[in-house]
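Per-entry structural report
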Amino acid sequence: MTITPEIIKHHQLTQGEYEKIVSLLGREPSYTELGVFSVMWSEHCSYKSSRIHLKKLPITGKYVVQGPGENAGIIGIGGGWVVAFKIESHNHPSYIEPFQGAATGVGGILRDIFTMGARPIAVLDSLRFGPLSNSPTAERNARIVTGVVSGIAHYGNCFGVPTVGGECIFEECYAGNPLVNVFALGVCRQEDVFFAKAKGIGNPVIYVGAKTGRDGIHGASMASAEFTEESKQKRPNVQVGDPFLEKLLLEACIEAMKTGAIVAIQDMGAAGLTSSSCEMGSRGDVGIDLDLDLVPQRETGMTAYEMLLSESQERMLIVAEKGREQELFDVFHKWGLDAVTIGSVTEGGNLRISHKGVLEADIPNRALADEAPKYDRPHNVKPYRTAPLDPPATIPASKDLNADLLKLVSSADLCSKRWIWEQYDYQVRTNTLAGPGGDAAIVRVKETGQSIAMSLDGNGRYCYLDPREGAKLAVAESCRNLSTVGALPVAATNNLNFGNPERPEIMAQLVEAIEGIAEACTHFETPITGGNVSLYNETLGEGIYPTPVLGIVGILKTEAPIGSSFRSVGAQLVLIGGFRSTDAQRFGSSQYAKVVLDQLWGLPPALDMDYEKRVHEAMREIAASHLVESAHDLSDGGLAVALSECCTAAIGARVRVSTAERPEFALFGEAPSRILVSTMTPEQTLSILLRHGVEGGVIGVTIEERLQIEYEGTMAIDVTTSVLRESFEGALPALLHTQHAV
Amino acid sequence: MKVGVVVFPGSNCDHDAWYAINQNLNRPGHTASAEFIWHDAHSVGQVDAVILPGGFSYGDYLRCGAIARFSPVMQAVKKFAADGGLVLGICNGFQILVEAGLLPGALIRNAGLKFVCRSVGLQTVTTNSPFTSALQPDQVLALPVAHGEGQFVADDRTLDQLEAEDRVAFRYIDHCNGSMRDIAGILSSGRNVLGMMPHPERACDPLMGSTAGLGIFESMLAYTQQGVLVK
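Criteria and cut-off values
Residues numbered from 1 in each chain as written. Chains lettered and ligands numbered in written order. Predicted model: local features only at pLDDT ≥ 70, side-chain atom pairs only at ≥ 80, totals over all residues. Heavy atoms only, no water. Helix = DSSP H or I, 4+ residues; strand = E, 2+ residues; numbered from the N terminus. Rg over C-alpha atoms; globule rule 2.2 N^0.38 Å. Buried < 20%, exposed > 50% of the residue type's maximum accessible area, 1.4 Å probe, protein only. Contact = heavy atoms within 4.5 Å. Lys, Arg positive; Asp, Glu negative; His and termini not counted. Charge placed at Lys NZ, Arg CZ, Asp CG, Glu CD. Areas by Shrake-Rupley, 256 points an atom, 1.4 Å probe, with all protein chains shown as cover. Buried area = accessible area lost by both parts, 1.4 Å probe. Salt bridge = Lys/Arg side-chain N within 4 Å of Asp/Glu carboxyl O. Expected span 1.5 Å × (residues − 1). Pairing = 2+ DSSP bridges. Right-handed = clockwise from strand over helix to strand, strands pointing away. Core = buried A, V, L, I, M, F, W, Y, C linked by side-chain atoms within 4.5 Å. Polar contact = N/O pair within 3.5 Å; in protein donor to acceptor, adjacent residues only side chain to side chain. Axes fitted to C-alpha atoms, helices over the stretch in contact; angles between N-to-C directions.

1. A closer look at the overall build of chain B
The number of helices and strands found in chain B is 5 helices and 11 strands. On C-alpha atoms alone, chain B measures out to a radius of gyration of 16 Å, which is about the 17 Å that the 2.2 N^0.38 rule sets for 231 residues. In chain B, which comprises 231 residues, the share counted as buried stands at 61%. Long-range contacts, defined as pairs at least 24 residues apart, comprise 73% of the intrachain contacts of chain B with a sequence gap of at least 6. Each charge class in chain B can be summarised by its mean position, and for the 16 positive and 21 negative side chains these summaries are 3 Å apart.

2. A few points about the overall build of chain A
In terms of regular secondary structure, chain A is built from 26 helices and 28 strands. For 742 residues, the compact-globule estimate of 2.2 N^0.38 gives 27 Å, and the C-alpha radius of gyration of chain A, at 26 Å, lies within 12% of that figure. Across its three principal directions, the C-alpha atoms of chain A cover 85 × 55 × 45 Å. Looking at the 742 residues of chain A, the share that counts as buried comes to 66%. When the accessible surface of chain A is summed, it comes to about 24300 Å², and 51% of that surface belongs to carbon and sulfur atoms. Charged side chains of chain A number 64 positive and 90 negative; the gap between the two group centres comes to 2 Å.

3. Some details on the interface of chain B and chain A
One frequent convention defines the size of an interface as the accessible area lost when the parts assemble. In this assembly, 29 residues from chain B lie in contact with 31 residues from chain A. Across the chain B to chain A interface the summed buried area is about 2700 Å²; carbon plus sulfur atoms make up 60%. It is Cys117, Leu207 and Met208 of chain B in chain B that bury the most area against chain A; as a group they hold 23% of the surface buried on that side. The interface formed by chain B and chain A contains 3 salt bridges. With a closest N to O distance of 2.8 Å, aspartate 425 of chain A and arginine 202 of chain B form a salt bridge.

4. Regarding helix α1 (residues 14-25) of chain B
With 12 residues, α1 of chain B should cover 16 Å at 1.5 Å per step; its first-to-last C-alpha distance of 16 Å lies within 8% of that length. Among the 12 residues in α1 of chain B, 9 count as buried, and that is most of the element. Residues of α1 of chain B that are buried include every one of Asp14, Asp16, Ala17, Tyr19, Ala20, Ile21, Asn22, Asn24 and Leu25 of chain B, and no others. Looking at the buried side of α1 of chain B, the elements it contacts are β15 (441-444) of chain A together with β1 (2-7), β2 (33-38), β3 (49-52) and α5 (214-226) of chain B.

5. A short note on the pattern of salt bridges
Residue and element names in this part refer to chain A. Scanning the entire structure with this criterion turns up 55 salt bridges over all chains. Close ionic contact of arginine 580 with glutamate 695 constitutes a salt bridge, the shortest N to O distance being 3.9 Å. On the criterion of sequence distance, the pair formed by arginine 580 in the loop between β22 (572-576) and α20 (584-587) and glutamate 695 in the loop between α25 (682-692) and β26 (696-704) is long-range, its members being 115 residues apart. Take glutamate 695: its relative accessible area is 46%, and that puts it in the partly exposed class. What emerges from the salt-bridge pattern is a single network uniting Lys56, Arg468, Glu469, Lys472, Glu512, Glu515 and Glu519.

6. Here's the deal with the pairing of β2 of chain B
Residues and elements named next belong to chain B. By the bridge criterion, 6 bridges tie β1 to β2 in an arrangement that is parallel. Bridging from a neighbouring strand, valine 3 pairs with alanine 34 of β2. Handedness of the crossover joining β1 and β2 through α1 is recorded here as right-handed.

7. Let's talk about the nonpolar core
If you look at the biggest cluster of nonpolar residues, it comprises 147 residues, and the most contacted ones within it are Phe332 of chain A together with Leu52, Val77, Leu88 and Phe170 of chain B. Those residues in contact with phenylalanine 332 of chain A that lie beyond four places of it in its chain are Val208, Leu249, Ala252, Cys253, Ala256, Ile318, Leu337 and Ala339 of chain A. By size, the runner-up hydrophobic cluster in this structure holds 49 residues, among which are Ala271, Val295, Tyr305 and Met307 of chain A.

8. Structural notes on the pairing of strand β21 (residues 547-557) of chain A
Residue and element names in this part refer to chain A. Within β21, 10 of the 11 residues are buried, which leaves the element mostly enclosed by the surrounding structure. The sheet contact formed by strand β16 (residues 450-457) and β21 spans 8 bridges and is antiparallel. Its bridge partner being in β21, glutamine 450 is matched across the sheet by lysine 557. Bridge count between strand β17 (residues 488-497) and β21: 9 bridges; the pairing is antiparallel. Bridging from a neighbouring strand, threonine 493 pairs with glycine 551 of β21.

9. A word on the side chain of arginine 674 of chain A
All names here are of chain A. Note that arginine 674 resides in the loop between α24 (663-668) and β25 (675-679). There is no salt bridge for the buried arginine 674, and the closest opposite charge comes from glutamate 661, which lies 6.7 Å off by N-O distance. Within the local environment of arginine 674, its side chain forms a polar contact with the backbone oxygen of glycine 669, the two atoms lying 3.0 Å apart. Ignoring anything within four residues of it in the chain, the contact list for arginine 674 reads Arg480, Leu575, Ile576, Gly578, Phe579, Arg580, Asp633, Leu634, Gly638, Leu639 and Gly669.

10. Notes on the sheet that holds strand β5 (residues 163-170) of chain A
All names here are of chain A. A sheet is described by the order of its strands in space; here 6 strands give the open sequence β1-β2-β3-β6-β4-β5, paired in mixed fashion. On the outer flanks of this sheet lie β1 (64-66) and β5, each paired with one strand and no other. Pairs of neighbouring strands in the sheet enclose a mean axial angle of 25 degrees, with direction left out of account. Relative to strand β3 (residues 81-89), strand β2 (residues 73-78) runs antiparallel, the two being bridged by 5 bridges.

The following block contains the structure:
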């Protein structure tokens, strides 16, 4: 077949990229080779727009065992044990087919973890959808929510990994571009970690797991383009997952790894057979020969092009020690899985694919994996935003702060996400010390006395108003969440969700956000060990808010966790960090501005990273000293919403607020660096704050069944905990028009 | 007490049951150990009790438990039960026991049509069994449920019979799946087989927030060691 400009365009390659392919090969590529290049050089696989900027991220630290470049990052947790973790997006497939799109997103990230030898012990997910009310797309958005949540539940529950936390936010900009970012973490001994580096000329290449079908062809390219009306017809591009098969694959891989016969192993994710073979070959500087006739196939008549680009799920590629194939076959057959030798490791560094006696592709592995174009896309403009910088001339005074509070706690962003997380098995494997609904999830590692805390955070509104500061705030909040439960943040993964990088004002958002993450992760000593970039999150020219999502991992001693709910009456409330003022300009990024005023303006909250870090250090010392009964960080919705969230156990609080600000700013401003604790020993708590140079004082006391907030001598808020709970818990089922319970 | 925990392809609470027996139940004065039994075993071996754990055996294709009942190990479990051995089916294990005909009724999709994971209150209906003798009559246990197909259904005659023969072990106080007569767990006519949807093995470790599930395993321990019900 002759390669025409139309064919090149159809493969989402530019003319310049095509010329680079010709020069790397020294000839015109075949149609199959063009297909292979198109997926490996897609934005999704090659990071061509972001690579030069990702280099700015800190990637080393004393806990880091493996940084970016492998299937997942790895950190040491002591005693010879390590955890592997990473975040991945499945945004585009989840819009086209919510259930399978989300389900296979979970499947993909789980394989990234266990391909390294680590058994997955936790999943968290960060979700963004269009609004569930007051929007022309509300009905469709609700269907996407329902589909995505049941897809995640289906896959994670059946696989047997607990889904222990996450976040879920609603904005109009996500209506055509929902975000489904899934984080997974696994554990193993350091000496049992496997890498995806092919070695040993003559070693066999073994295919294991599900058979190859035509599903998901060009999924990676789909995920690298904007949505148009045509995209909806790309449903066949979405893969179908089988979590049962994945569970078998997990158990078989872990057992096979113990034989010592595996040299390298990589899952077949985006671009399936192609990416796994050329990446393993490229890392080991060797060639790979594959005979496609030997690949287990689910359908007949598949071409080399289709097999190489298929994204059929639940498959792995293994390089084994020559002569020990049978040991591996025995393990996979025990679990009822296909395992066949389909090729071998060769000299010379080329990926050579034969099919029906024809050499279909002969490409240097490096050309595919490492020589993808890198673009320094124009970004020297102001990041895209249309929201005004100045506050409105008058911000209307609240008529009823009580009503405002109830409106906030029952808003889609701030309300309880129980409807979502009760569909997830968050306890399987009996390691979950703190599950969904708290500041950070905690799972214990049974084999050690250590536990792992995890938090996913991102704030699109903040990043839209200022990508650099918004990204720093996401890092700060994630680290604060970990510190609130007493964990030391040690490493991070990030998922960068942005629009079209070919638009300079969008590229500027991306660059600013990466630099913000770099700055904050350096400051908080949480190096990035891997992650994912999802660009082209645009539908019909409408982009999302720039949405970097940070997944930060912390470690702590295994013991009963500190919860966020008040536990007993008569405890003193200490606001660690102090009241921290909010001005009119920064109030525009708050949930109050969104929910009560239906506006967005100004700037995100001001962050002092030195102070923030001192707050974390003080909190961890307080937690380690067992001085508090509860701890909860202040974030979206500010002080009043945080207090409400602490009242879930029918114990309330009486609080006195006196600041020079307007009551709305004082109660609902979202200044960072604040954590609310309840304690019977306030003096000791305050003395720790003093030693760390952190403000803080007793602002109230816990009482029975009411939340009362006195502002400048008048009772601004007085509500029963049962009314609060009903507003908080009932909101999401009501928005989704489903039953509250059962 | 030596407990065999059956591992089907797709079992995923097998390790949790194993851990609860070996780590949480096995303490001074309580000698208990657990080992795994692979699904194609033709015998359960020398064990005092068998646990069919939660999970998605064989992917739970067709119906939950519908394929597992044909596995070689289930023939062995049936024989073990017929000889009076203790068999505890938890969640997917309960579904398998029902499919295998060791317990009556059926478990269908939750009334809410969604998977539900939460802690629910259970009423102990009978203490006259090897699984519940260490509990108090009407004792309330808070145990987690985690299932999509846990709605217990049966015809009226079966339900009447279960009640008349004191074979309802637990009832839900908090509704979570729409089960008939709030039934959460039932006994076989010989009282040596218990199937229940809630997960006692998840509530054996104080770090997990509750030890309400231990009483069930302690009852089994007393029965297997002394051959008597705790009283």
